[in-house]
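Results of the structural survey
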Amino acid sequence: MKKGKDITTFEEYLDKTYGKVGTKERADFDIKAKSFAIGEIIREERKQAKMTQEELAKQAGITQPAVSQILKRECRPQQRTIQRFAAALGVAPEELWLR
């Protein structure tokens, strides 16, 4: 591990790696990071509820392939879809994006 002046904050690392806040590159990174986090949280909640992807899809009123894509972070769920997941899992929508 480097010492002294080479140590940076996480924000400085993100700025250097993905661009400053407000740039397209940083916005793209932020979207991917949020999609990753939401997918992981939904996966955890689904497993805690002992539901299959098919059961979650049916209760949320979407297709199983759509659930799979969201959990694999291949697409970013819309707010309405997050609300449907929350209802199906019996949690508040905020639980899926504010952890």
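To start, this report covers the structure provided alongside it. Keep in mind that this is a model prediction, so the values were computed, not measured. (Residues numbered from 1 in each chain as written. Predicted model: local features only at pLDDT ≥ 70, side-chain atom pairs only at ≥ 80, totals over all residues. Heavy atoms only, no water.)

**Considerations on the overall build of the protein**
Threshold: Going along the chain from the N terminus, every DSSP run of H or I of four or more residues is numbered as a helix, and every run of E of two or more is numbered as a strand. Throughout this description, buried means an accessible area under 20% of the type-specific maximum (1.4 Å probe, protein chains only), exposed means over 50%, and partly exposed covers the range between. Contacts are assigned to residue pairs that have any heavy atoms within 4.5 Å of one another. Under the convention used here, Asp and Glu are negative, Lys and Arg are positive, and both His and the chain ends fall outside the count. To locate a charge, the coordinates of NZ of Lys, CZ of Arg, CG of Asp or CD of Glu are taken.
Per the secondary structure count, the protein includes six helices and zero strands. Element order for the protein, N to C, with α for helix and β for strand: α-α-α-α-α-α. Oriented by its inertia axes, the alpha-carbon framework of the protein measures out at about 55 × 25 × 20 Å. Residues counted as buried form 27% of the 99 residues belonging to the protein. The long-range fraction of contacts in the protein, counting pairs at least 24 apart against all pairs at least 6 apart in sequence, stands at 47%. Each charge class in the protein can be summarised by its mean position, and for the 20 positive and 15 negative side chains these summaries are 3 Å apart.

**Digging into the pattern of salt bridges**
Put simply, the rule is: Within this document, salt bridges are pairs made up of a side-chain nitrogen of Lys or Arg and a carboxyl oxygen of Asp or Glu, the two lying within 4 Å of each other.
Considering all chains together, one arrives at seven salt bridges under this definition. Measuring nitrogen to oxygen at the nearest pair gives 3.7 Å for the salt bridge that ties arginine 26 to aspartate 30. Of the two residues, arginine 26 and aspartate 30 both sit in helix H2 (residues 24–48), four residues apart, roughly one turn of that helix. On the accessibility criterion, arginine 26 (3% relative accessible area) is buried. Residues joined by salt bridges that share partners form a network here, namely Glu11, Asp15, Lys20, Arg26 and Asp30.

**Observations concerning the nonpolar core**
The test is simple: Side-chain atoms within 4.5 Å link the members of a nonpolar core, which is a set of buried Ala, Val, Leu, Ile, Met, Phe, Trp, Tyr and Cys residues.
In terms of nonpolar packing, the biggest core is built from 17 residues, with Ile42, Leu56, Val67, Phe85 and Leu96 touching the most fellow members. Among the elements of the structure, H2, helix H3 (53–60), helix H4 (64–71) and helix H5 (79–89) are those that each provide at least two residues to this core. By residue number, the principal contributor to this core is H5, which donates five residues. With sequence-adjacent residues up to four places away left out, isoleucine 42 is seen in contact with Leu56, Ile70, Leu71, Phe85, Leu89 and Leu96.

**What about H5?**
Defined as follows: Each direction from the helix axis to a C-beta atom contributes to the arc, which is the arc of those directions.
Taken as a whole, H5 has its buried residues at Thr81, Ile82, Phe85, Ala86, Ala88 and Leu89. For H5, the buried positions fall inside an angular range of 165 degrees around the axis, keeping them on one side. Counted as exposed and oriented over 90 degrees from the buried face of H5: Gln79 and Ala87. In this structure, the buried residues of H5 make contact with H2, H3, H4 and helix H6 (93–97). Note on H5: the residue one or two positions beyond its end, glycine 90, has a positive phi of about 75 degrees.

**Remarks on the packing of helix H1 (residues 10–18) against H2**
To be explicit about the condition: Structural elements are reduced to axes, namely lines fitted to C-alpha atoms, with helices fitted over the stretch in contact, and the angle between N-to-C directions of any two is expressed from 0 to 180 degrees. Crossing handedness is read from the near helix: turned anticlockwise from the far helix by less than a right angle, it gives a left-handed crossing, and turned clockwise, a right-handed one. Each residue receives one of three labels: charged for Asp, Glu, Lys and Arg, nonpolar for Ala, Val, Leu, Ile, Met, Phe, Trp, Tyr, Cys and Pro, and polar for the others, Gly being one of them.
Contact pair H1 / H2: the axes reach a minimum separation of 9 Å and the direction vectors enclose 115 degrees. The handedness of the crossing between H1 and H2 is right-handed. Contacts from Glu11, Leu14, Asp15 and Tyr18 in H1 reach Glu25, Arg26 and Phe29 in H2. Residue composition of the contact of H1 with H2, grouped by class: three nonpolar, no polar and four charged.

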